[in-house]
Amino acid sequence: MGAIFVYGIIIVMTADFEGQRKGEEVILVFRRHILTSVKGFCFFVLFAALGGGLIYLLRDNAQMIWVGVALVLVGAMCWLYSYILWHFSYYLLTNERLRQVRQKGLFKRTVVDLDLAKIMAVSYGVPGLMGNMFNYGTILVQTAAGDLILSRVSHPEEVHAELQNAAHVVDIKEEDEDED
């Protein structure tokens, strides 16, 4: 897959994915902001501090050194787990649909597909100071069947614009088909 990574958004030039329909082209692949994996990093810092403190304070006791090393490794595993969940959860925008892929644990994944023709409205919001500082927000995709909420999306303005453009192109195609 040829892709360009721009500010947390992956702009796809050519891509294939499981379940791709004939003639379907990928427009954009994007993720939640990296800050969504901050819990894992906090656990790492906490366990590393505890483990490092044990190693430093009880450096004469070989068993406690191993306990400290184990705490640091547990913290690293928490961070890795959080990163894996972030990395394997993404949104895929094609010329026909929006696909949400969410990794929920190491072996569970959920996929939601939404045809662009069913989109009635797309809006976004940036949640205060943190959202503005780190450039993330929530995108709300409204359909007759219900709402799809894309939370903590990196660069919500750009993603919103791409979603709006893709939905508009589908609307124009449907109007042209209705006229024929």
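Up top is the structure.
Residues numbered from 1 in each chain as written. Predicted model: local features only at pLDDT ≥ 70, side-chain atom pairs only at ≥ 80, totals over all residues. Heavy atoms only, no water.

## Description of the environment of R32
Structurally, the position occupied by R32 is in the loop between β3 (26–30) and α1 (38–57). Under the relative-accessibility criterion, R32 is labelled buried at 17%. Counting along the chain gives 142 residues from R32 to E174, while the straight-line C-alpha distance between them is 31 Å. For R32, the residues in contact, after removing those within four places along its chain, are W86, Y91, R102, S151, R152, V153 and S154. A distance of 3.2 Å separates the side chain of R32 from the backbone oxygen of S151, its partner in a polar contact. (Helix = DSSP H or I, 4+ residues; strand = E, 2+ residues; numbered from the N terminus. Buried < 20%, exposed > 50% of the residue type's maximum accessible area, 1.4 Å probe, protein only. Contact = heavy atoms within 4.5 Å. Polar contact = N/O pair within 3.5 Å; in protein donor to acceptor, adjacent residues only side chain to side chain.)

## Focus on the pattern of salt bridges
According to the stated counting rule, one finds 5 salt bridges in the structure shown. Salt-bridge contacts for D113 lead to R97; the nearest nitrogen and oxygen are separated by 2.8 Å. Of this pair, D113 sits in strand β6 (residues 109–115) while R97 sits in strand β5 (residues 97–103), and the two are 16 residues apart along the sequence. Classification of D113 by relative accessible area gives partly exposed; the value is 35%. Within the structure, one salt-bridge network assembled from shared partners comprises E24, R97, R99 and D113. (Salt bridge = Lys/Arg side-chain N within 4 Å of Asp/Glu carboxyl O.)

## Topic: the side chain of T94
Counting through the fold element by element, T94 comes out in strand β4 (residues 90–94). On the accessibility criterion, T94 (1% relative accessible area) is buried. At a separation of 2.7 Å, a polar atom in the side chain of T94 contacts the side chain of E24. For T94, the contacting residues outside a window of four places in its chain are F17, E24, E25, V26, I27, L116 and A166.

## Quick notes on the pairing of β6
As paired elements, β5 and β6 share 7 bridges and run antiparallel to each other. Bridge pairing in β6 places R102 opposite T110. The turn linking β5 back onto β6 is made up of 5 residues, and G105 within it adopts a positive phi angle of 95°. (Pairing = 2+ DSSP bridges.)

## Considering the environment of D113
A C-alpha to C-alpha distance of 5.8 Å links D113 and L98, two positions 15 residues apart in sequence. Ignoring anything within four residues of it in the chain, the contact list for D113 reads R97, L98 and R99. Reaching out from D113, the side chain makes a polar contact with the side chain of R97 at a distance of 2.8 Å. At a separation of 2.8 Å, a polar atom in the side chain of D113 contacts the side chain of R99.

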